[in-house]
Structures are given as structure tokens and as C-alpha cells.
Amino acid sequence: MSRSKSNSSTIDDVRIGQVFADRYEIVSRIGTGGMAVVYAGIDRMLMRYVALKILKPQVMDDPYAVERLRREARAAGQLHHRHIITFHDVGSCDGTVFIVMELLRGRTLAAERRRCQRLPAARVVRIGMQVASALRVVHEAGIVHRDLKPDNVFLLEHATDD
């Protein structure tokens, strides 16, 4: 997901302050991608911060894409690994499909690369081992990650090295 402001930011920001699906209060926009907009929010039932991925209207017009996303969210929701984001909920509200995930604090590997220019070799190896460990669990579950890239690898603010 890109964190840059775009022409769609005004449209995307309309949801800020709203309660989505009678449960999730939308606090801010985190980023926008080709298929969805991701917001930081609060789960008002469990009183925890979450990330809400809400599909864009043009994606909602493709039933195959919507069903594929739901199927992948259900499958990912079954995964348990310290280096895989936790999915909390998937559903639809007023015809809009959404996914609720844990809200991560930190930055993407792409952002870290831009910030540091050159990452120390030992750190690159640790990150690579963590990604490989997570992918092993994903592949054992029969899931193929179709979008593995530095923008989708997240480095936590207070992460341990293992």
C-alpha cells in the first residue's frame, strides 16, 4: 500500500470519523492501493486498534475478485505465526467488502530501505529468515502469496530478532 497522498485522498478520507459495520470507528487513512484503502480504526466492541482494508468500488464490481479476496482472508485467518499479520474479521457492509487486521506499528521494508540506503548484511539475513519462516507456514497451508515485495514486508517498531 502506498502511503502517498493522491487525488483520491479526499474521496478516501470521507470515511474518517465514521463507524463502519456498526463496530469499527475509522480514525485515519494509512494507505491506498489498487484494490483497497487501508484505514486505522478502533474496534468499538473489543476496544482495540485495528487496520481496516476496505475494497474500492471498482473492485466490488468484479465478483471473482471479491470472492478471491474473501477466500484468501478466510485462509489467512487460520494462520498463526509471529511474522504473519493477524486477521480479525472479514465481511461486508452496505455491499462493501472489508477485512479487519491487527494494526502494526513500524514501517515497510521499502520505506526502511529508502531511509537507510544500505541495510547491514546481518539485518538483511534476519529479515530474510523471518520472511522465509512465515512463507513456510503460508505454503504449508496451501496458500501462495501473490504479492510479496518490500512494500508488503513490515518491520515492527519493537520487534525481536527471531
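Report follows, based on the coordinates. Position numbers for residues count from 1 along each chain, tracking the sequence in the order it is written. Only residues with pLDDT of at least 70 are given local features in this predicted model, and only at 80 or more are side-chain atom pairs given and counted; all residues enter the totals for whole chains, interfaces and linings. Each side-chain value is derived from all of the structure's non-hydrogen atoms; neither hydrogens nor water enter the calculation.

**Observations regarding the overall build of the chain**
- Put simply, DSSP H or I for four residues or longer makes a helix, DSSP E for two residues or longer makes a strand, and each gets a number counted from the N terminus. A tally of helices and strands in the chain yields five helices and eight strands.
- Secondary structure of the chain in N-to-C order comes out as α-β-β-β-β-α-α-β-β-β-α-α-β.
- The atom set for the radius of gyration is the C-alpha atoms, and the globule formula is 2.2 Å times the number of residues raised to the power 0.38. Relative to the globule expectation of 15 Å for 162 residues, the C-alpha radius of gyration of the chain, 16 Å, shows essentially globular dimensions.
- Taken along the three principal axes of its C-alpha coordinates, the chain extends 45 × 35 × 30 Å.
- The buried label applies to any residue whose accessible area, calculated with a 1.4 Å probe on protein chains only, is under 20% of its type's maximum; exposed applies above 50%, and partly exposed to all values in between. The buried share of the chain, reckoned over its 162 residues, is 34%.
- Summing over all exposed atoms, the chain offers an accessible surface of approximately 10100 Å²; the carbon and sulfur share of this is 53%.
- The positive count covers Lys and Arg only, the negative count covers Asp and Glu only, and His and the chain ends enter neither. A single reference atom marks each charge: NZ on Lys, CZ on Arg, CG on Asp, CD on Glu. Within the chain, one finds 25 positive and 19 negative side-chain charges whose respective centroids are separated by 6 Å. Areas reported as accessible are Shrake-Rupley estimates using a 1.4 Å probe. Residue values count occlusion only from the protein chains shown.

**Focus: the packing of aromatic side chains**
- Aromatic rings from Phe, Tyr and Trp, with only the six-membered ring used for Trp, were paired whenever their centres fell within 6.5 Å, and each pair was classed as stacked if the ring planes differed by under 30 degrees, edge-to-face if by over 60, and tilted otherwise. Scanning the entire structure with this criterion turns up two aromatic pairs.
- Consider the rings of Phe20 and Phe98, whose centres lie 5.1 Å apart with planes at 85 degrees: the pair is edge-to-face. Separated by 78 residues along the polypeptide, Phe20 in strand E1 (residues 19–20) and Phe98 in strand E6 (residues 96–102) bring together distant segments of the chain.
- Its relative accessible area of 3% is what places Phe98 among the buried residues.
- Taken together, the aromatic side chains of Phe20, Tyr24 and Phe98 make up a single cluster linked through ring pairs.

**Some thoughts on the environment of Ile30**
- For Ile30, the position within the fold is in strand E2 (residues 24–32).
- Measuring from C-alpha to C-alpha, the distance between Ile30 and Val124 comes to 26 Å, with 94 residues separating the pair along the chain.

**Looking at the sheet that holds strand E5 (residues 87–93)**
- Judged by pairing direction, the sheet is antiparallel, and its six strands sit side by side in the order E1-E2-E3-E4-E6-E5 without closing on themselves. Each end of this open sheet is capped by a strand with a single partner; those strands are E1 and E5.
- By the bridge criterion, two bridges tie E1 to E2 in an arrangement that is antiparallel. Note that in E2 the partner of Phe20 across the bridge is Tyr24. Note on pairing: two strands pair once DSSP finds at least 2 bridges between them.

**Digging into helix H3 (residues 63–76)**
- Multiplying 1.5 Å by the residue count of a helix minus one yields the expected span of that helix. Between its first and last C-alpha atoms H3 spans 20 Å; for 14 residues at 1.5 Å apiece the expected length is 20 Å, and the two agree.
- Buried within H3 are the following residues: Ala65, Val66, Leu69, Ala73 and Ala76. Considered in projection along H3, the buried side chains sweep an arc of 100 degrees and stay on one side of the axis. Exposed positions of H3 whose direction lies more than 90 degrees from the buried face are Pro63 and Tyr64.
- Working rule for contacts: check all heavy atoms of both residues, and any pair within 4.5 Å makes them a contact. Residues of H3 that are buried make contact with strand E4 (48–55), helix H2 (57–60), E5 and E6.
- For this analysis, a polar contact is any N or O atom pair within 3.5 Å, provided that within protein one partner can donate a hydrogen and the other can accept it, and provided that sequence-adjacent residues contribute only side-chain to side-chain pairs. A distance of 3.1 Å separates the backbone nitrogen of Tyr64 from a side-chain oxygen at the start of H3, and that oxygen is part of Asp62. Comment: arc refers to directions from the helix axis out to C-beta atoms.

Keep in mind these values describe shape, not function.
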